[in-house]
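The residues making up each chain are set out below.
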Amino acid sequence: AQSVTQLDSHVSVSEGTPVLLRCNYSSSYSPSLFWYVQHPNKGLQLLLKYTSAATLVKGINGFEAEFKKSETSFHLTKPSAHMSDAAEYFCVVSPVKGSQGNLIFGKGTKLSVKP
Amino acid sequence: SQTIHQWPATLVQPVGSPLSLECTVEGTSNPNLYWYRQAAGRGLQLLFYSVGIGQISSEVPQNLSASRPQDRQFILSSKKLLLSDSGFYLCAWSRPPSDTQYFGPGTRLTVL
């Protein structure tokens, strides 16, 4: 069965320090993987998507994620956190590329950024 | 560019009242459309999706229903709201063959 696990429900960093949000997935096929960000009372915004073209995926706002098949991981990183990065982040898997209607969402990681 | 709209942005309704939430997409044609609910502490739950006009797939049996009267319009309805229907409702679209979904701004529903 396909699944996605976000290993931390809450991460707190200081402004200017690196961000690491961890995600592990399980899929029987070669999946598409996504990271979305949600600010309070807003919709989800796509940060980046992995589609097998490159294992290191660069997204918006300085975020990037690395696909590691051997570890079944897709961790999200950013070298230097900004106050505006405070939000909830969702790791998402589409178990079969091009499949419709059955994205699997992680439970989310809330990122806090201290001044 | 594509834009997705949802309204209303917020809604407070009494138990037993009807519901109609609307979602429209601009700038694309023949999209797949989705309704999700995000309840406190329960993550994101897919409620319905549609691959075309009049074609609705239900993921979770409940007192909600969905309709797609036009290509880029998706409506979520209920005849009688329950307290448990409270939550943040998100509409999303994708354009086959891509599986990337793009989300609307959401509707906050509070049932009292």
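Residues numbered from 1 in each chain as written. Chains lettered and ligands numbered in written order. Predicted model: local features only at pLDDT ≥ 70, side-chain atom pairs only at ≥ 80, totals over all residues. Heavy atoms only, no water.

(A) Representation of the overall build of chain A within the structure. Secondary structure assignment for chain A yields 0 helices and 12 strands. Taken from N to C terminus, the helices and strands of chain A fall in the order β-β-β-β-β-β-β-β-β-β-β-β. For chain A, whose C-alpha radius of gyration is 14 Å, the value lies close to the compact-globule estimate of 13 Å for 115 residues. Taken along the three principal axes of its C-alpha coordinates, chain A extends 40 × 30 × 20 Å. Within chain A, the proportion of its 115 residues that are buried is 44%. Within chain A, residue pairs in contact and separated by at least 24 positions form 57% of the contacts whose partners lie at least 6 positions apart. On chain A, the mean spot of the 11 positive side-chain charges and the mean spot of the 7 negative ones are 6 Å from each other. (Helix = DSSP H or I, 4+ residues; strand = E, 2+ residues; numbered from the N terminus. Rg over C-alpha atoms; globule rule 2.2 N^0.38 Å. Buried < 20%, exposed > 50% of the residue type's maximum accessible area, 1.4 Å probe, protein only. Contact = heavy atoms within 4.5 Å. Lys, Arg positive; Asp, Glu negative; His and termini not counted. Charge placed at Lys NZ, Arg CZ, Asp CG, Glu CD.)

(B) Representation of the environment of Ser14 of chain A within the structure. All names here are of chain A. Within the secondary structure, Ser14 is located in strand β2 (residues 10-14). Judged by its relative accessible area of 30%, Ser14 is partly exposed. Separated by 44 residues in sequence, Ser14 and Lys58 have C-alpha atoms that sit 22 Å apart. Not counting chain neighbours up to four residues away, the residues in contact with Ser14 comprise Ala81, Val113 and Lys114.

(C) Region of the structure containing the interface of chain B and chain A. Contacts between the two partners involve 21 residues from chain B and, on the opposite side, 20 residues from chain A. Across the chain B to chain A interface the summed buried area is about 1500 Å²; carbon plus sulfur atoms make up 50%. For chain B, the biggest contributors to the area lost against chain A are Leu44, Asp99 and Phe103 of chain B; these three give 35% of the whole. Counting the contacts that link chain B with chain A gives 1 salt bridge. In this structure, the salt-bridge partner of Lys49 of chain A is Asp99 of chain B, at a minimum N-O distance of 2.9 Å. Where chain B touches chain A, the interface holds 7 residue pairs in polar contact (both at pLDDT 80 or more). Elements with a minimum of two residues in the side of chain B that touches chain A: β4 (32-38), β5 (44-52), β9 (87-94) and β10 (102-103) of chain B. The leading source of residues in the side of chain B that touches chain A is β4 of chain B, at 4 residues. Of the residues in the side of chain B that touches chain A, the class split is 12 nonpolar, 7 polar and 2 charged. (Buried area = accessible area lost by both parts, 1.4 Å probe. Salt bridge = Lys/Arg side-chain N within 4 Å of Asp/Glu carboxyl O. Polar contact = N/O pair within 3.5 Å; in protein donor to acceptor, adjacent residues only side chain to side chain. Nonpolar A, V, L, I, M, F, W, Y, C, P; charged D, E, K, R; others polar.)

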